[in-house]
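Residue strings, one per chain:
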Amino acid sequence: MLAVKTDKLTKNYGDFKALDGLELQVIKGEIYGLLGPNGAGKTTAIKVLVGLLKKTSGTAQVLDAEIPNKQIASNIGFMPQETAMYIGLTVHQNMEFFGKLFGMSKEQIAIKEAELLKFVDLEDWKDELVQNLSGGMKHRVSLACTLIHEPDVLFLDEPTVGVDPKLRANFWKYFNKLKENGTTVIITTHYMDEARNCDRVGFMRQGKLIAEGIPYEIMKDTGTDNLEDAFLHYATIGETSDGRMPDGGGVE
Amino acid sequence: MDIGRILAVSKRVFIDLKNDKRSLALIIIAPLFSMAVFGLAFSGEVENIGVIIVNHDNGMDIPVVGNIDFADQVIDNIDHDTLDIQESDDLATAIDSLEAGDAWAVIYFSENYTANTMASIIPFTNASSEIELYIDMSNVNLAEAIIIEVNSALMATMEENGGSLPVTVERTEVYGQNAEFMDFFVPGIVSFAVYLFTTLLTLMAFIGERVSGTLSRVLATPLRESEIVSGYALTFSIVGTLQSIFMIVVGILAFDVMIEGNILLVFAVVALLAIVCQALGILLSSFAQREAQAAQFLPLIVMPAFLLSGVFWPLEAIPAWLRPASYFVPPSYSITAARSVMIRGWGLDMIWMDMVALVIFALVLLALAVISLKKKG
């Protein structure tokens, strides 16, 4: 049972191939980590999968529906890299707004909001304008808004940037809890220590998936004892002697 | 389209405006301020224009009647509030003052002014009398006011002495009896202000949505592009109506503007205009990458409406070849319609054409706004 399946997925910007025949398969109910250097195409892949970017060719399915497809939008949760909150609204007003977009009733929103604010430790900031919060707090609100409608598939683009280690650990606990409830989580991250928490990770480079597996196997295959070194191994394959990528360029 | 999601967007935009004190000020105070400033500046009659009168008229002795002095009578009939009169005995000195910029005109009555006037009244004499006017035309408005004032003083003097022109103009005011400048101005500035602030606010709000990423974020939810545009349209049509209510109430209280027709029609027209403008704002935002670029659109938004909507001066005052361009300026329709309702007392049967034009604008721009949002990378 696949939550996400892409076949020869490409996305071009002019001559530049941001996605170059991406073959990605994410199994329902797993936490899948999408890793790779800046410009590898991770964010592009996520944006295509949530319907924000138009693919150039190939196929891409989320929950067995060919995307873009508004029918499955309510089953999907997307947390972008940037904070992307309405800063002129309070934390509560933001959560209520997103809840309503997913057709939730006031009561449903209130229950879920209380649970999520407790989880992101922002109960005391409920009525504060988002513009008055710190960067990390904004990130937590952003995550809470993504989770409000209990999506089946979660796309999280660098969700733990600017979040302190203790809270990051909490985040992962919560992701695991979501997984136990059957939620599929696709996550991009630069923190290799937390990539280890993923069931499987995939390394992207120049728009392609160049390696995939459970973290333990990846380390074994690359002869390294941590994902950091494995990452460096994959990130530098085929690099020219001056350290530049052979093709140059890149997009987020 | 889902009404729940449209209402959610509409409420969100409302809260955003309400929480942002600057936007709130822009919506409420700025239109009132602009109305008051423009209104007070433009509505005032021209006053205290400095002129010098040189009166050499000797008058004329007529048996039984006594001495007649037409020049004195003309001078008495000049409105001393409009013209600030200094007197001088010497024409050359007076003209020197005029040339030195100390006065705007010199009005000269020659020695024989009364005599010539009397002679000119007698038929078949071909005699004529003249008031000589030396005038500084560097300020056309003031110069025209002086000429009008001297002419009307002359007419009044003629009438007082039993003389009248053989041909007169009989005036019947069909619309706008006793209308003053503010009666003409308020219906115009209401539309102009709503146009300006609605377009600017949506432009800024939408560039903000694009830059901060909220736009992409909500588009990854079940929310559709048409629902976003409808939500914004709902909010801004209400905000536009509220703005016009504020302005018209102040117009009534402070400037006693006339309202001959159904004021609800004016609100409906302004609400339609606001919908057009928010769609325009959304559309323009797709051409901007940063919030600062909103400023670059300002001339594009302000200038055509300023010149071609008829808010400050009539369209007849611009060159004929340029007038058709006003058809592409949405506020021109609401200004015409609002004036017709408020001053002429016209109803829907007379202003429907303007409303249809606004509806067409709204539909086209709303569709373009939705298309601009659907355009994906």
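Residues numbered from 1 in each chain as written. Chains lettered and ligands numbered in written order. Predicted model: local features only at pLDDT ≥ 70, side-chain atom pairs only at ≥ 80, totals over all residues. Heavy atoms only, no water.

**Quick word on the pairing of strand S5 (residues 57-62) of chain A**
All names here are of chain A.
So, point 1. The pairing of strand S1 (residues 2-13) with S5 spans five bridges and is classified as antiparallel. From the neighbouring strand, Lys-5 faces S5, where its bridge partner is Gln-61.
So, point 2. The pairing of S5 with strand S6 (residues 65-66) spans two bridges and is antiparallel. Across the sheet, residue Val-62 finds its bridge partner in S6, namely Ala-65. (Pairing = 2+ DSSP bridges. Helix = DSSP H or I, 4+ residues; strand = E, 2+ residues; numbered from the N terminus.)

**Looking at a negative patch on the surface**
Residue and element names in this part refer to chain B.
So, point 1. Taken together, Asp-72, Asp-76, Glu-87, Asp-89, Asp-90, Asp-96, Glu-99, Glu-159 and Glu-160 make up a surface patch of like negative charges.
So, point 2. Within the residue set of the negative patch, elements represented by two or more residues are helix H3 (70-77), helix H4 (91-99) and helix H6 (140-160).
So, point 3. Structurally, Glu-99 is set in helix H4. (Patch = residues over 30% accessible without salt bridge, like charges linked within 9 Å, V, L, I, M, F, W, Y side chains within 5 Å. Areas by Shrake-Rupley, 256 points an atom, 1.4 Å probe, with all protein chains shown as cover. Salt bridge = Lys/Arg side-chain N within 4 Å of Asp/Glu carboxyl O. Lys, Arg positive; Asp, Glu negative; His and termini not counted. Charge placed at Lys NZ, Arg CZ, Asp CG, Glu CD.)

**A short note on the environment of B:Ile275**
So, point 1. Along the polypeptide, B:Ile275 turns up in helix H10 (residues 263-285).
So, point 2. Setting aside its immediate chain neighbours within four residues, B:Ile275 contacts B:Ala233, B:Ser237, B:Ala362 and B:Leu366. (Contact = heavy atoms within 4.5 Å.)

**A closer look at the sheet that holds strand S7 (residues 76-79) of chain A**
All names here are of chain A.
So, point 1. Across the sheet, which stays open at both edges, the six strands sit in the order S7-S8-S9-S4-S10-S11 with mixed pairing between neighbours. The open sheet has two free edges, formed respectively by S7 and strand S11 (208-213), since each of these has just one partner strand. The sheet shows a mean angle of 15° between the axes of neighbouring strands, direction not considered.
So, point 2. Both strand S8 (residues 153-157) and strand S9 (residues 184-188) contribute to a ladder of five bridges, which runs parallel. From the neighbouring strand, Asp-157 faces S9, where its bridge partner is Thr-188.
So, point 3. Across the sheet, helix H1 (residues 42-49) touches strand S4 (31-35), S7, S8, S9 and strand S10 (200-205), and the angle it forms with S8 is around 145°.
So, point 4. Contacting S4, S10 and S11, helix H8 (residues 227-236) runs over the sheet at an angle of about 30° to S10. (Axes fitted to C-alpha atoms, helices over the stretch in contact; angles between N-to-C directions.)

**A look at the pattern of salt bridges**
So, point 1. All told, the structure shown has 15 salt bridges over all chains when counted by the stated rule.
So, point 2. Here B:Arg171 makes a salt bridge to B:Glu173, at a shortest N to O gap of 3.6 Å.
So, point 3. Judged by its relative accessible area of 67%, B:Arg171 falls in the exposed class.
So, point 4. When salt bridges with common partners are traced through the structure, they connect A:Glu30, A:Arg200 and A:Glu212 into a single cluster. (Buried < 20%, exposed > 50% of the residue type's maximum accessible area, 1.4 Å probe, protein only.)

**Examining the sheet that holds strand S6 (residues 132-135) of chain B**
Residues and elements named next belong to chain B.
So, point 1. Spatially, the four strands line up as an open sheet ordered S4-S1-S5-S6, and their pairing is mixed. Edge positions in the open sheet fall to strand S4 (83-88) and S6, since each of these has one partner strand only. Across this sheet, the average inter-strand angle for adjacent strands is 25°, counted without regard to direction.
So, point 2. Helix-sheet contacts for H3 involve strand S1 (49-55) and strand S5 (105-109), and the interaxial angle to S1 is about 170°.

**Focus: the domain arrangement of chain B**
So, point 1. Structurally, chain B comprises domain 1 (3-42 + 180-374) and domain 2 (46-160).
So, point 2. The distance between the C-alpha centroids of domain 1 of chain B and domain 2 of chain B comes to 50 Å. (Domains from an automatic or database assignment.)

**Thoughts on the pairing of S11(A)**
All names here are of chain A.
So, point 1. Where S10 meets S11, five bridges bridge the pair, whose relative direction is antiparallel. Counterpart to Met-204 in the pairing with S11 is Leu-209.
So, point 2. Remark: two residues form the turn of the hairpin made by S10 and S11, two consecutive strands paired antiparallel; Gln-206 in that turn has positive phi of roughly 50°.

**Some remarks on the packing of aromatic side chains**
So, point 1. For the structure on display, the rule yields 21 aromatic pairs over all chains.
So, point 2. Ring geometry for A:Tyr86 against A:Phe97: centres 5.4 Å apart, planes inclined by 85°, an arrangement best described as edge-to-face. Taken as a pair, A:Tyr86 in the loop between S7 and helix H2 (91-101) and A:Phe97 in helix H2 lie far apart in primary sequence, 11 residues in all.
So, point 3. Taking the centre distance of 6.3 Å and the plane angle of 50° together, the rings of B:Phe181 and B:Phe184 count as tilted. Placement of the pair is B:Phe181 and B:Phe184 together in helix H7 (residues 181-212), with a separation of three residues, close to one helical turn.
So, point 4. According to the relative accessible area criterion, B:Phe184 is partly exposed, its value standing at 25%.
So, point 5. Here the aromatic residues B:Phe181, B:Phe184, B:Phe185, B:Phe192, B:Phe306, B:Phe312 and B:Trp313 are joined through ring pairs into a cluster of three or more. (Phe/Tyr/Trp six-rings, centres within 6.5 Å; stacked < 30°, edge-to-face > 60°.)

**Let's talk about the interface of chain A and chain B**
So, point 1. Listed per partner, the contact involves 31 residues of chain A and 23 residues of chain B.
So, point 2. Here chain A meets chain B over a buried area of about 2500 Å², counting both sides, of which 60% is carbon and sulfur.
So, point 3. On the chain A side of the contact with chain B, A:Lys70, A:Tyr86 and A:Leu101 bury the most area, a combined 29% of that side's loss.
So, point 4. Along the contact surface separating chain A from chain B lie one salt bridge.
So, point 5. Of the charged contacts in the structure, one is a salt bridge between A:Glu96 and B:Lys11, with a shortest N-O distance of 3.6 Å. (Buried area = accessible area lost by both parts, 1.4 Å probe.)

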